[in-house]
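Secondary and tertiary structure notes
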Amino acid sequence: MMELPEVGMTQDYMEKQMESLGAVKDLLENMSGFVSSMVKTNQGTMEEVVKNYQKTVSEGKQPKTFKEFYKYWWTENEAAYQKLFKSTDYSKMVGQLTDAGLNVKKQLDSLMEKQFEFMPFPTKSDMDELYKTIADLRKELKASQKAAAK
């Protein structure tokens, strides 16, 4: 049903909606991969912390206060996340997530512009064209004033 071609007055609008939905889907896929890597790092680190804590308890060398344990846990997590943040896979993931987010923004802006075509006020494209025309007219005015002054 979602793949059927659109017809009629709202064909362009419906196509923009489908493109926007595709962009949101891509963003959600990238977001789930990003979050998954963070959770995986957190889970692996916690398993290591628990295993090491059990080992220190059996040796009688466990932290005496919660503050000591917290410092140990915090340093292990920091090291794990530093390793993750320095990896090329993480950099690629952040880049893909950023690209997907920017694509959603672009698609939603385009969709909003299409929606505003049905309303009686100017769109962003209309305003951009107006600003360009004004800037061009200012340049022409300055050029003609310089020519008249000579």
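A few points on the structure. (Residues numbered from 1 in each chain as written. Predicted model: local features only at pLDDT ≥ 70, side-chain atom pairs only at ≥ 80, totals over all residues. Heavy atoms only, no water.)

Attention shifts here to the overall build of the chain. Secondary structure summary: the chain contains 4 helices and 0 strands in total. A compact globule built from 150 residues should have a C-alpha radius of gyration of about 15 Å, whereas the chain, at 28 Å, is more than 25% larger. Expressed as lengths along the three principal axes of its C-alpha atoms, the size of the chain is roughly 90 × 60 × 25 Å. Looking at the 150 residues of the chain, the share that counts as buried comes to 14%. (Helix = DSSP H or I, 4+ residues; strand = E, 2+ residues; numbered from the N terminus. Rg over C-alpha atoms; globule rule 2.2 N^0.38 Å. Buried < 20%, exposed > 50% of the residue type's maximum accessible area, 1.4 Å probe, protein only.)

Each aromatic ring pair is characterised by the separation of its centres together with the angle its planes make. Applying the stated rule across the entire model yields 7 aromatic pairs. Judged by centre distance (5.8 Å) and plane angle (35°), the ring pair of Phe 34 and Tyr 90 falls under tilted. Residue Phe 34 is found in helix H1 (residues 11–59), and its partner Tyr 90 is found in helix H3 (residues 88–116); the two are separated by 56 residues along the sequence. We classify Tyr 90 as buried; its relative accessible area is 14%. A centroid spacing of 5.0 Å and a plane angle of 50° characterise the contact between Phe 85 and Tyr 90, whose relative ring orientation is tilted. Using a relative accessible area of 36% as the deciding quantity, one classes Phe 85 as partly exposed. What links up through ring pairs into an aromatic cluster is the set Phe 34, Tyr 81, Phe 85 and Tyr 90. (Phe/Tyr/Trp six-rings, centres within 6.5 Å; stacked < 30°, edge-to-face > 60°.)

Here the focus is the pattern of salt bridges. Counted by the stated rule, this structure contains 6 salt bridges. Across the pair Asp 26 and Lys 25 runs a salt bridge whose closest N-O atoms are separated by 3.7 Å. Residue Glu 29 pairs with Lys 25 through a salt bridge whose shortest N-O separation is 3.3 Å. Linking Glu 29 with Lys 25, this pair stays in helix H1, spanning 4 residues, or about one helical turn. Within the structure, one salt-bridge network assembled from shared partners comprises Lys 25, Asp 26 and Glu 29. (Salt bridge = Lys/Arg side-chain N within 4 Å of Asp/Glu carboxyl O.)

Moving on to the side chain of Ser 20. With respect to the secondary-structure elements, Ser 20 resides in helix H1. Here Ser 20 falls in the buried class, since its relative accessible area comes to 4%. In terms of polar contacts, Ser 20 uses its side chain to reach the backbone carbonyl oxygen of Gln 107, at 3.4 Å. Ignoring anything within four residues of it in the chain, the contact list for Ser 20 reads Gln 107, Leu 108 and Leu 111. (Polar contact = N/O pair within 3.5 Å; in protein donor to acceptor, adjacent residues only side chain to side chain. Contact = heavy atoms within 4.5 Å.)

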